[in-house]
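Summary of structural features
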Amino acid sequence: MSHVPPGSGWPEDPARPDTPVAHDPSEVVELAGASPTLAELAARQSVCRACPRLVEWREEVATVKRRAFAGETYWGRPIAGWGEEKPEVLIVGLAPAAHGGNRTGRIFTGDRSGDWLFASLHRTGLAARETSVHAGDGQRLIGARMVAAVRCAPPANRPEPAERAACFPWLTREIALVAGSVRVVVALGGFAWQAVWPALRDAGYDLPRPRPPFGHGAEVEISRDGTPAHLLGCYHPSQQNTFTGRVTAGMLDELFTRANALRCL
């Protein structure tokens, strides 16, 4: 099976068999913009088929599988935003991993990046458990929500510019729907920093010009309708970054401790 059919019983599947499907970028614009709630937006995100290369890749991975997971059923669909409906902290990543989120059905779940991220979120009070292994495992975000700039696992972890653009309306609409409660946006990595900037602008945020450079611990004051918020940069907890020591557990904890402090201002 190349992917889990919507509404077939997968834990935390937001979609139904009749959830409308976007088959091209113009339909993404239409369906994202017309999503009245986060629940409906997540459902529509999770069945999107607008990017042929990404659809082919995510479903091929779900069929062929990695040997370590040969006995598992893979999600094989886009990964919707996940967490609280009125979050104070919004965490933005690049894209799900082929054998992480594309397998487990939840972003940053089931891979080593997620192991580092959820452990830090748990230590700093933003996650109920220190690990996240699969959708429906009992993990819960506390005052936070996670989204990806690109919702499908891309080959070599590198979405093409057209694919980034096609997925952009999903991100913009999600940010707009949670903006009333969000006080801190954390961008995991330079690409997420670049991707979230125009999405924040399109969602009604006032942003400084020019865009400040990305860096770990970078902090930018932003606002929406007169309500202040902050954008924080965080090095991505990728295996390369954690193995080389570019990112440490202490660095992540310090960053999310700062996010916690800012959300309470």
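Procedures and definitions
Residues numbered from 1 in each chain as written. Predicted model: local features only at pLDDT ≥ 70, side-chain atom pairs only at ≥ 80, totals over all residues. Heavy atoms only, no water. Helix = DSSP H or I, 4+ residues; strand = E, 2+ residues; numbered from the N terminus. Expected span 1.5 Å × (residues − 1). Buried < 20%, exposed > 50% of the residue type's maximum accessible area, 1.4 Å probe, protein only. Contact = heavy atoms within 4.5 Å. Polar contact = N/O pair within 3.5 Å; in protein donor to acceptor, adjacent residues only side chain to side chain. Pairing = 2+ DSSP bridges. Axes fitted to C-alpha atoms, helices over the stretch in contact; angles between N-to-C directions. Core = buried A, V, L, I, M, F, W, Y, C linked by side-chain atoms within 4.5 Å. UniProt positions renumbered as here; feature names shortened; annotations may be inferred. Parallel < 35°, antiparallel > 145°, perpendicular 65-115°, else oblique. Left-handed = near helix turned anticlockwise from the far one by under 90°. Nonpolar A, V, L, I, M, F, W, Y, C, P; charged D, E, K, R; others polar. Salt bridge = Lys/Arg side-chain N within 4 Å of Asp/Glu carboxyl O. Phe/Tyr/Trp six-rings, centres within 6.5 Å; stacked < 30°, edge-to-face > 60°. Lys NZ or Arg CZ within 6 Å of the ring centre and 35° of its normal.

Digging into helix H5 (residues 112–123)
Spanning 12 residues, H5 covers 17 Å between terminal C-alpha atoms, matching the ideal 16 Å at 1.5 Å per step. By the burial criterion, the buried members of H5 are Ser113, Gly114, Leu117, Phe118, Ala119, Ser120 and Leu121. Structurally, H5 contributes buried residues whose contacts are with strand E1 (82–83), strand E2 (89–93), strand E3 (144–148), strand E4 (184–188), helix H8 (239–244) and helix H9 (249–263). Two to three positions downstream of the cap, the backbone nitrogen of Ser113 sits 3.3 Å from a side-chain oxygen, assigning the N-cap of H5 to Asp111. One or two residues past the end of H5 sits Gly125, with phi positive at roughly 85 degrees.

Re the pairing of strand E5 (residues 219–224)
The sheet contact formed by E5 and strand E6 (residues 227–234) spans six bridges and is antiparallel. Following the sheet pairing, Ile222 is matched in E6 by Ala229. Between the antiparallel neighbours E5 and E6 lie two residues, among them Asp225 with a positive phi of about 55 degrees.

Let's talk about the sheet that holds E3
Spatial ordering of the open sheet is given by E1-E3-E2-E4-E6-E5, a layout of six strands whose pairing is mixed. Looking at strand neighbours, the two that pair on one side only are E1 and E5, the edges of this open sheet. The pairing of E4 with E6 spans five bridges and is parallel. Bridged to Val184 within E6 is His230. Against the sheet, helix H7 (residues 190–202) contacts E2, E4, E5 and E6, and its axis sits at roughly 160 degrees relative to E6. Those strands touched by H9 are E2, E4, E5 and E6, and its axis lies near 175 degrees from that of E6.

Things to note about the nonpolar core
Membership of the largest hydrophobic core comes to 42 residues, with the highest contact counts inside it found for Trp170, Ile175, Leu200, Tyr205 and Leu231. Mapped by element, the contributors of at least two residues to this core are helix H1 (25–33), helix H2 (38–45), E2, helix H6 (161–178), E4, H7, E5 and E6. Here this core takes eight residues from H7, the largest share from any one element. The residues touching Leu200, leaving out its near neighbours within four places in the chain, are Ile175, Val185, Tyr205, Leu207, Ile222 and Leu231. The next biggest cluster of nonpolar side chains, apart from the first, holds 31 residues, and it includes Leu117, Val247, Leu252 and Leu255.

Remarks on the UniProt feature "domain: Uracil-DNA glycosylase-like" (unreviewed entry) in the protein
According to UniProt, the feature "domain: Uracil-DNA glycosylase-like" (unreviewed entry) maps to residues 80–256 in the numbering used here. Taken end to end, residues 80–256 has its terminal C-alpha atoms 22 Å apart, with 34% of it in helix and 18% in strand.

A look at the environment of Pro228
Relative to the helices and strands, Pro228 resides in strand E6. Note: C-alpha distance between Pro228 and Val182 (46 residues apart in sequence) is 9.5 Å.

Re the packing of H5 against H9
Relative to each other, H5 and H9 sit at 50 degrees, their axes nearing to 9 Å. Between H5 and H9, the interaxial angle falls into the category oblique. The interaxial crossing formed by H5 with H9 has right-handed handedness. Residues Trp116, Leu117, Ser120, Leu121 and Arg123 of H5 touch H9, and the partners they reach there are Ala249, Leu252, Asp253 and Phe256. Partitioned by chemical class, the residues of the contact of H5 with H9 number six nonpolar, one polar and two charged.

A few points about the pattern of salt bridges
In this structure the tally under the stated criterion is 18 salt bridges. Note that Glu88 is salt-bridged to Arg263, the shortest N-O span being 2.9 Å. Here Glu88, found in the loop between E1 and E2, pairs with Arg263, found in helix H9; they are 175 residues apart in sequence, far enough to count as distant. Note that Arg145 and Glu174 form a salt bridge whose closest N and O atoms lie 2.8 Å from each other. Here Arg145 is found in strand E3, whereas its partner Glu174 is found in helix H6, with 29 residues between them in sequence. For the residue pair Arg145 and Glu174, the accessibility class agrees, reading buried in each case. Connected through shared salt-bridge partners, Arg16, Asp18, Glu40 and Arg44 make up one network.

Some words on the packing of aromatic side chains
Applying the stated rule across the entire model yields four aromatic pairs. Geometrically, the ring pair formed by Phe214 and Tyr235 is tilted, given 6.0 Å between the ring centres and 55 degrees between the ring planes. You can see Phe214 sitting in the loop between H7 and E5 and its partner Tyr235 sitting in the loop between E6 and H8, a full 21 residues away along the chain. The exposure class assigned to Phe214 is partly exposed, which follows from its relative accessible area of 27%. Each member of the aromatic cluster is reached from another via a ring pair, and the members are Trp193, Phe214 and Tyr235. When the ring centre of Phe69 is taken as reference, the NZ or CZ atom of Arg103 above it lies at 3.7 Å. Looking at Arg246, its charged tip hangs above the ring of Tyr235, at a distance of 3.9 Å from the centre.

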